[in-house]
Amino acid sequence: MTASNAGDPAMDPGDGRPDATGPDILDPVTMRLARSGPSERPRTGGRLVSPMPADRLWGWVGPLVVTAFAAILRFSRLSVPHAVNYDETDYIKDAWSILQHGVELNPIANPAGYPPGQSFADNLLLSGGTHIFAPCSGYSCGEAVTHPEVGKYLIATGEWVFGLNPFGYRVASAVFGSLAILLMCRIARRLTRSTLLGCIAGVLLSLDGLEFVLSRTGILDIFLMFFVLAAFGAMLIDRDVSRSRLAQAVVLRPGDEAGPGLGIRKWRVLAGLLIGLACAVKQDAVWYIPAFIGLSVAWDISARRAAGLRASRRGGIVRDGKWLPLTLVVVPFVTYVVTWINWMVTQTGYYRDYARAHGVRTPVIEALYSLFKYHQSTFEFDIHLRAQHPYMSQPWDWIVLSRPVSFYYAGYTNAAGTHPCPATGCPPGPSWSQEVLPLGNPAIWWVSIPAMLFCLGWWLARRDWRAGASLVGIIAGWLPWFLFLKRTPQFDYYSLEFLPFLVLCITLCLGLIIGPARASPRRRAIGAAIAGTYVLAVLILFWYFYPILAGQIIPYSSWSARMWYRGWI
């Protein structure tokens with residue numbers, strides 16, 4: 001890694017502070033070249049971007065090693081427990097139905113007299129049965145579902161390759177949960193210009209219990225988090241690439257004081273595609289569209305200001321911003337609609353015949369109108385949902401880990417787990433417990449609270465764009481839930497969406513603790529010791545909670561010792 005930036009505030013030219021100092025500030029010669037005419041063309045453009053670390057090989061080797069470590073953790077005992085965990089009951093059957101029938105069909109109902117609280121369809125598929133859907137013929141006989149298709153397509157891919165079994169319906173989550181670690185390393189490296197800090201961010205995310213469990217569960221949230229993080233990564237690359245292009249353009253194509261336009265930018269198109277895929281996993285990701293638009297405008301204005309363009313606001317808002325409706329609105333929207341193609345080309349999907357029943361029979365228009373009315377009905381249902389659930393929580397609970405959702409729990413009277421306790425509870429005497437609890441690592445979530453507050457102050461006082469970008473990611477994923485407090489239930493694991501941005505806040509703080517390369521060796525040694533101790537604490541807590549994250553069978557007393565709060569039970 002290049003240690004020079006590991007602990008620097010990394011003030012950007014676009015931070016807008018006249019008194020800022022550091023390796024990224026435009027020097028007078030660069031400013032003069034940026035304003036020069038065609039006859040004074042320099043060999044290189046203005047320096048608007050901090051150079052990436054020179055250790056390109058280690059910039060990939062380090063993140064790949066961290067990713068391999070995370071993948072080993074996630075794939076180990078992936079089929080345990082041999083059960084349908086929590087909301088897997090919905091998504092793994094929907095995925096299998098899409099694979100077999102193109103759309104989600106209703107599962108078969110429980111026979112008369114079937115034990116309450118159990119699912120006949122779930123037990124049938126766990127025993128190897130695949131005929132788990134009620135007959136469906138004609139129009140609109142499919143299942144009413146509230147979430148889009150992409151996450152189910154990915155789960156279905158694993159089921160297609162490995163079959164309808166615990167490994168098959170969890171393997172896609174494990175793949176994307178592991179790849180998210182690689183993304184985290186590379187994104188944090190680009191954000192901090194430090195391979196060391198990039199790898200630290202990846203290690204932190206890999207050791208979080210919430211990310212770990214959802215990487216081993218066949219539900220949608222891990223895919224949502226992955227695509228949001230990938231879209232943010234594309235935005236960061238676009239920021240660097242566009243600044244380099246602007247530095248050349250202001251010299252080679254000088255214009256008025258707003259500066260030259262950069263046209264449609266491919267990395268923003270990719271960001272729009274990825275955020276569209278995130279919305280096609282869960283519509284919650286839609287809040288990242290205005291968040292990314294805001295970041296884009298702010299970054300474009302600051303880049304033009306750094307290039308010495310006096311009309312930087314007009315250049316950023318008009319000349320760059322005019323393409324934002326296309327790249328970050330139209331592209332996500334079209335991407336989202338296209339992902340419903342299976343539903344549109346079949347006739348059995350829920351609400352599929354709405355347009356035809358109301359006199360609209362024009363090809364394509366008929367399918368799109370039915371899709372619109374389907375969404376209208378599901379949004380109304382989702383927003384006005386009022387239900388009680390023993391594991392429901394509110395958004396302020398998530399950050400302090402006060403009410404995680406138990407995905408699976410079983411009690412046994414023997415350590416091998418072959419003698420389950422009766423439904424009424426385990427009898428007196430020794431007993432053993434097996435649980436899958438998506439509990440965030442306390443050393444990450446609780447530490448993220450002061451880290452967020454520090455980053456907020458850091459951004460306000462120093463205008464450090466990295467702190468601001470990380471906070472915007474948290475705001476877009478967390479604060480919208482406060483608008484729907486009457487909507488119940490809400491669950492703790494919804495917070496996975498903004499977990500990577502919490503990790504970025506912590507990583508930025510660790511960079512400051514380690515200190516810049518120009519600091520004294522003693523200062524750097526103390527900072528590195530503090531940061532290393534923190535990472536070690538994260539590792540120890542992950543190891544301590546691992547049995548209840550991975551469904552190991554442990555003595556009841558050991559399980560009880562890990563229940564630090566009543567809300568965890």
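Just above, that's the structure.
Sequence order as written defines the numbering, with residues in each chain counted from 1. A pLDDT threshold of at least 70 governs which residues receive local features in this predicted model, and a stricter bar of 80 or more applies before side-chain atom pairs are shown or counted, although totals over entire chains, interfaces and linings include all residues. For side-chain calculations, the full set of non-hydrogen atoms in the structure is used, while hydrogens and water are omitted.

1. Things to note about the side chain of S178
Reasoning step 1: Turning to its location among the elements, S178 is positioned in helix α6 (residues 166-192).
Reasoning step 2: Not counting the four nearest positions on each side in its chain, S178 is found in contact with T67, A70, A71, R74 and F75. Runs of E in the DSSP output that reach at least two residues are strands. Runs of H or I that reach at least four are helices, and both are numbered from the N terminus. Should any heavy atoms of two residues lie within 4.5 Å, those residues are counted as being in contact.

2. A short note on the packing of aromatic side chains
Reasoning step 1: Two aromatic rings from Phe, Tyr or Trp, using only the six-membered ring of Trp, form a pair when their centres are within 6.5 Å; if the ring planes differ by under 30 degrees the pair is stacked, by over 60 it is edge-to-face, and anything between is tilted. Inspection of every chain in the model, using the stated rule, returns 48 aromatic pairs.
Reasoning step 2: Taking the centre distance of 4.9 Å and the plane angle of 80 degrees together, the rings of F176 and F226 count as edge-to-face. Of this pair, F176 sits in helix α6 while F226 sits in helix α9 (residues 221-252), and the two are 50 residues apart along the sequence.
Reasoning step 3: Aromatic side chains Y351 and Y354 sit 5.3 Å apart centroid to centroid with 10 degrees between the ring planes, which places their arrangement in the stacked category.
Reasoning step 4: Accessible area is worked out with a 1.4 Å probe on protein chains only. A residue is then buried under 20% of its type maximum, exposed over 50%, and partly exposed in between. Here Y351 falls in the partly exposed class, since its relative accessible area comes to 24%.
Reasoning step 5: Every member of this aromatic cluster is reached through a ring pair, and the members are Y336, W340, W343, Y350, Y351, Y354, Y369 and Y374.
Reasoning step 6: Note that R186 overlies the ring of W60, its terminal NZ or CZ placed 3.8 Å from the centroid.
Reasoning step 7: Note that R239 overlies the ring of W299, its terminal NZ or CZ placed 5.6 Å from the centroid. Each ring is checked for a lysine NZ or an arginine CZ that lies within 6 Å of its centre and within 35 degrees of its normal; such an atom marks a charge sitting over the ring.

3. Examining the sheet that holds strand β2 (residues 432-436)
Reasoning step 1: Strands are treated as partners if at least two bridges between them are detected by DSSP. With antiparallel pairing, the three strands of this open sheet are ordered in space as β1-β2-β3. Both outer strands of the open sheet, β1 (408-412) and β3 (553-555), are each paired with one neighbouring strand and no more. On average, each strand axis in the sheet is inclined to that of its neighbour by 30 degrees, with strand direction left out of account.
Reasoning step 2: Sheet analysis places β1 next to β2, joined by five bridges and oriented antiparallel. Counted as the bridge partner of Y409 is E435 from β2.
Reasoning step 3: Angles here are taken between N-to-C directions and fall from 0 to 180 degrees, while the axes themselves are lines fitted to C-alpha atoms, restricted in helices to the stretch in contact. The strands touched by helix α21 (residues 521-549) are β2 and β3; relative to β2, the strand with the most contacts, the crossing angle is about 95 degrees.

4. Structural notes on the state of the cysteines
What makes a disulfide is a covalent bond joining the sulfur atoms belonging to two cysteines.
Reasoning step 1: Only a pair of cysteine sulfur atoms within 2.5 Å counts as a disulfide in this structure description. Summed over all chains, the structure comprises two disulfides.
Reasoning step 2: In this model C136 forms its disulfide with C141; the gap between the sulfur atoms is 1.8 Å. Classification of the bridge connecting C136 and C141 rests on its S-S torsion, roughly 80 degrees, and on that basis the disulfide is right-handed.
Reasoning step 3: Of the residues examined, C136 reaches a relative accessible area of 23% and is grouped as partly exposed.
Reasoning step 4: When the bonded cysteines of the chain are numbered from the N-terminus onward, they pair as 1-2, 3-4.
Reasoning step 5: Here C185 stays free of any disulfide, with the sulfur of C199 as its closest cysteine sulfur at 5.1 Å.
Reasoning step 6: In this structure C185 comes out as buried when scored by relative accessible area, which is 0%.
Reasoning step 7: The thiol sulfur of C455 is not disulfide-bonded, and the nearest other cysteine sulfur, from C505, lies at 4.0 Å.
Reasoning step 8: According to the relative accessible area criterion, C455 is buried, its value standing at 0%.

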